[in-house]
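One-letter residues, chain by chain:
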Amino acid sequence: MKVSKQFNNYFLAWKDCAASLKQGQIFLLFIAYAALQISFVFILMFFAFPPFSSFLVPLVQRFFGEPALHYPNNFLILPSLFFWVNLLLSGVLGVILVGATTNLFTMSYHNKPVKLGKGLGRTMPHYLILFVIWVVETGALLAVFFGVPALLNKIYFFTGAGNLPLQLTTSFIAIIVGSFFVYTTALIVLENAGPGRAVVKSLSMFKNYPLISILLIGIPNLIRMPVDLLSGKTQFLVSQFSPEIVAAVLILSILISVFANYFLVGTVTRYFLSVRERS
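Overview of the structure. (Residues numbered from 1 in each chain as written. Predicted model: local features only at pLDDT ≥ 70, side-chain atom pairs only at ≥ 80, totals over all residues. Heavy atoms only, no water.)

1. Looking at the overall build of the protein chain
A tally of helices and strands in the protein chain yields 13 helices and zero strands. Its helices and strands in sequence order give the protein chain the pattern α-α-α-α-α-α-α-α-α-α-α-α-α, from N to C terminus. Taken against the 2.2 N^0.38 rule, which gives 19 Å for 279 residues, the C-alpha radius of gyration of the protein chain at 20 Å falls within 12% of a compact globule. Considering only C-alpha atoms, the protein chain reaches an extent of 60 × 50 × 35 Å along its principal axes. Looking at the protein chain residue by residue over its 279 residues, the buried ones come to 46%. Sequence-distant contacts in the protein chain: of pairs separated by 6 or more residues, those separated by 24 or more amount to 74%. (Helix = DSSP H or I, 4+ residues; strand = E, 2+ residues; numbered from the N terminus. Rg over C-alpha atoms; globule rule 2.2 N^0.38 Å. Buried < 20%, exposed > 50% of the residue type's maximum accessible area, 1.4 Å probe, protein only. Contact = heavy atoms within 4.5 Å.)

Take a look at the structure:
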């Protein structure tokens, strides 16, 4: 496919995804998932109180130490706590959300009625495969987030440069790695691909459309990146404002993610369909 045609399909993906907002049903699923995420933020804010204190307090004390149990230190660790809880949530329920909405977006783009029950019904038989792919992709991204900073710290340019260049470079590498897997869900739920075939074909599509694949995952992530970076500056937020602002920034990040994730899944699905229609 010519580069000009690739970009035409890319812009068409954004156009059609934006138009699908008029229907509302798909967007409500992302809102519901965000509401669940926000509820976990509140649970983690008040982990020292019943009914969650019986098992959360020992966990926090074991992994973060005794000081983390007390105000305002409990807010300093809140982003780290939410990161791991949200990671597990994405593996248990997030894969269903992405799979179901991929089906729903496909219905919308084919001018068919968007039916939630049908979208979920077509997704659930693939849950195990979606979960396996999630494990592989998550493992690769965790390796980037924990391994790349350690490697970059050994490079002279990054020595003493501060955290921001390190975080930005790591984030951009993570976007590239994530783009290797960007088509896997569509391949699984729309073409019944197994985990091996889904990864291999997604890598093949990345090879054929590298820039577009990076843009598909990169633009939505760039939308939420400033707030995500800010949420990690807990010491700054607490010193300049109040401990509670950490939770407020996390919730803001979740709300921005509603739009970022909507356009991520919607544009990837539309672009995948455009490629499939030409094959």
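We are not done yet, so read on.
2. Observations concerning the side chain of Ser231
Looking at the secondary structure, you find Ser231 in helix α11 (residues 210-231). If sequence neighbours within four positions are ignored, Ser231 has contacts with Pro79, Leu237, Val249 and Leu250.

3. Remarks on the packing of aromatic side chains
Within this structure, the stated rule accounts for 19 aromatic pairs. Here Phe52 and Phe55 contribute two aromatic rings whose centre-to-centre distance is 6.5 Å and whose plane-to-plane angle is 80°, an arrangement assigned as edge-to-face. Residue classification places Phe55 among the partly exposed positions, given a relative accessible area of 47%. In textbook terms, an aromatic cluster arises when at least three aromatic residues are bridged by ring pairs, as seen for Trp14, Phe27, Phe30, Phe105, Tyr109, Phe259, Tyr262 and Phe263. Above the face of the Tyr109 ring, Arg270 is positioned so that its terminal group lies 5.6 Å from the ring centre. (Phe/Tyr/Trp six-rings, centres within 6.5 Å; stacked < 30°, edge-to-face > 60°. Lys NZ or Arg CZ within 6 Å of the ring centre and 35° of its normal.)

4. Describing helix α3 (residues 53-64)
Among all positions of α3, only Ser53, Leu56 and Val60 are buried. Along the long axis of α3, the arc covered by the buried residues comes to 80°, so they all point the same way. Those residues of α3 that are exposed and angled more than 90 degrees off the buried face are Ser54 and Arg62. Residues of α3 that are buried in the fold lie against α2 (25-45) and α5 (78-109). Of the residues trailing α3, Gly65 is marked for its positive phi of about 90°. (Arc of directions from axis to C-beta.)

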